[in-house]
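# Reading the structure
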Amino acid sequence: MPLNLFFLQLFFGLTNGCFYVLLSLGLTLVFGMLRIINFSHGAIFTLGGTFAWAAQEYFAVNYWVMLLLAPIVIGIFGIIIERVLIRRIYGLDDLYSVLLTLGLTLIIDGAIRSAFGVAGHSYEQTTFGTVSFGPIMVPLYRLWVVVFSLLVWLAVWLLVERTKLGSYLRAGVENAKLVGALGINISTLTSLSFGLGMGLAGLAGVLAAPIKTISPVSGENILVVVFAVVVIGGMDSMKGTLLAGIGLGLVESLVRIYYPEGSSVIIFVIMGAVLLLRKQEMKKVEI
Amino acid sequence: MPGSMNMRPNESVILDLQDVSAWYGQSRALHGVNFSVHEGEVVALLGRNGAGRTTTLRTILGLVGKRTGLVQAFGRDICKWPSYRIARLGVGYCPEERGIFSKLTCEENLKLPWQIKTSDAAMSLEEIYQLFPNLAERRYSKGLSLSGGEQQMLAVARILRTGARLLLLDEISEGLAPVIVEGLAEAIQTLKKLSFTILLVEQNLAFAASLADRLLVMEHGCVIKSLSSSELEAQRSWVQEKLSI
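Residues numbered from 1 in each chain as written. Chains lettered and ligands numbered in written order. Predicted model: local features only at pLDDT ≥ 70, side-chain atom pairs only at ≥ 80, totals over all residues.

## Examining the overall build of chain A
Each helix and strand in chain A was counted, giving 10 helices and 2 strands. In chain A, the succession of helices and strands from N to C terminus is α-α-α-α-β-β-α-α-α-α-α-α. For a compact globule of 287 residues, the expected C-alpha radius of gyration is about 19 Å, and chain A comes in at 19 Å, within 12% of that figure. In terms of overall dimensions, chain A has C-alpha extents of about 60 × 55 × 35 Å along its principal axes. When the 287 residues of chain A are sorted by exposure, 44% land in the buried category. (Helix = DSSP H or I, 4+ residues; strand = E, 2+ residues; numbered from the N terminus. Rg over C-alpha atoms; globule rule 2.2 N^0.38 Å. Buried ≥ 20, exposed ≤ 12 C-beta atoms within 10 Å, placed from the backbone.)

Right under this line is the structure:
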């Protein structure tokens, strides 16, 4: 394979990795604060992309407006979902969160299919071109996705690690009841966390819309990978999800170059290996 | 109920529990607890493990599953209030397991609780560090890296930052070296002089007796005896039996 195509393919992998990072960041936030495994996360990714496409298609709203608007609207939607539905299952068996969020997935996917059909939609964007790095021509939009995603990760990291709200979130992950006993309204905090997590998923959908065909199955396909990223990176580690997301995106594209049939499987092979290694390490610690 | 309940009839009642019961799930942990704490008093809750002392503190703060009866703090009925509202009313809580957040630094732990804006009792960081110099040295250390004694000081210091006037302290002397316990006792004495109202759960009778104006003995989820500090000596052997000492 020519070198320029090789690096281009790697860059595509980096872009995919950035989507994984944004999605896994949201999933980690939701799990960390609420202890809910949110199976509707993929559907929210689809919702973000569909929202951006529909706004352009029917109302001629441009990409930049949707990049700002969609995560906010979806974040508010997430807060409403948390207040009305999710908080009713706190403290119950994990199966309830699986069932509830799977149900949400079916509702959201069903609504999208009903409104816009089952076929995927492509977002028209003509404002980006390519930029050359020596012999390599890189689509400018994908470069934008990488830079923007990393900036978003950094912003969320700064929020969590350097602000008072972030200290509430970190403390709430450890002991939510005690945080309440120290005068913090934990109910508002959990709603905000869920909204932020959903907003990040919606943002990933808007970013993906110009380069991926957004269809009702887009969310399902990406969610499985994102769960693998979270398992590998660590459920409570933002740095871990960054490294895992980017790393797996790159590995996936490398495998696609040399063994395309393995590209959809390699992430889960790595996940299995990581889980086995962790089990070995935990056994050593016990001894 | 036997014993002196109204030590200071002229001072206002800061905390009042009347016929308070509490449940953890289906299991009833408190059976009609009755006592009150006056402003500036230090009251110790004594009893064996499982007597209901920690549950009493958790019930005041709304941290149990279900509670009935009357719980009043600062004249307000707080029985149906969520925990954060009770804390913002002026109730500070130092939990049994210290509750230091391991991933936050010492200073982040101190700054975490809600500061009551209308309270003049809130201590500044500088005042906290003067009271607990060890914490100043460890201000940027993660909670996980602090020693047991430092964590306990931090847990007490944290609620002093809030401006809370009613302090609920759960077994703050447990598992600590005598010199640390002595330091904590001095801190409590200082708070007593500053007219803080303190409800202290303790297993350490000597520690409790040195600080408390009144001691309440609990058994099977209710208060069975109230003793003033002057009455304790005459009934020390009975109290020790109840504490299984």
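## Here's the deal with the interface of chain A and chain B
On the side of chain B, 19 residues touch chain A, which itself brings 14 residues to the contact. With 9 residues, helix H6 (residues 164–181) of chain A is the largest single contributor of residues to the side of chain A that touches chain B. Grouping the constituent residues of the side of chain A that touches chain B by class yields 6 nonpolar, 5 polar and 3 charged. (Contact = placed C-beta atoms within 7 Å. Nonpolar A, V, L, I, M, F, W, Y, C, P; charged D, E, K, R; others polar.)

## Quick word on the environment of Glu108(B)
Mapped onto the elements, Glu108(B) comes out in helix H3 (residues 106–111). A sequence separation of 71 residues divides Glu108(B) from Val37(B), and the C-alpha atoms of the two residues are 32 Å apart.

## Comments concerning the environment of Ser263(A)
Residue and element names in this part refer to chain A. By secondary structure assignment, the location of Ser 263 is in the loop between helix H9 (238–258) and helix H10 (266–286). Overall, Ser 263 belongs to the partly exposed group, with 17 C-beta atoms counted inside 10 Å. Between the alpha carbons of Ser 263 and Ser 253 there is a distance of 7.0 Å; along the sequence they are 10 residues apart. When sequence neighbours within four positions are dropped, the list of residues in contact with Ser 263 reads Glu 252, Val 255 and Arg 256.

## Structural notes on the nonpolar core
With 148 residues, the main nonpolar core has Leu23(A), Ala204(A), Val226(A), Val91(B), Leu168(B) and Leu200(B) as its most contacted residues. Beyond its immediate chain neighbours, meaning those up to four positions away, Val91(B) contacts Ile60(B), Leu61(B), Ala73(B), Ile86(B), Ala164(B), Leu166(B) and Leu168(B). (Core = buried A, V, L, I, M, F, W, Y, C linked by C-beta atoms within 7 Å.)

## Considering the sheet that holds strand S7 (residues 166–170) of chain B
Residue and element names in this part refer to chain B. Read from one edge of the open sheet, 6 strands run S6-S7-S8-S3-S9-S10, paired in mixed fashion. Two strands close off the open sheet at either side, each with one partner strand: strand S6 (91–94) and strand S10 (222–228). Strand-to-strand twist of the sheet, defined as the mean angle between neighbouring strand axes without regard to direction, takes the value 20 degrees. Sheet topology places S6 next to S7; 4 bridges connect them, and they run parallel. Across the sheet, Tyr 93 pairs through a bridge with Leu 168, a residue of S7. Across the face of the sheet, helix H6 (residues 148–160) comes into contact with S6 and S7 while running at roughly 170 degrees to S6. (Pairing = 2+ DSSP bridges. Axes fitted to C-alpha atoms, helices over the stretch in contact; angles between N-to-C directions.)

## Some thoughts on the sheet that holds strand S4 (residues 66–73) of chain B
Residue and element names in this part refer to chain B. Taken together, 4 strands build an open sheet; the order of strands is S2-S1-S4-S5 and the sheet is antiparallel. Each having just a single partner strand, strand S2 (27–38) and strand S5 (76–77) make up the two edges of the open sheet. Pairing geometry for strand S1 (residues 13–24) and S4, over 7 bridges, is antiparallel. From the neighbouring strand, Asp 16 faces S4, where its bridge partner is Gln 72. Where helix H1 (residues 53–60) meets the sheet, it contacts S1, S2 and S4, and its direction lies at approximately 75 degrees from that of S2.

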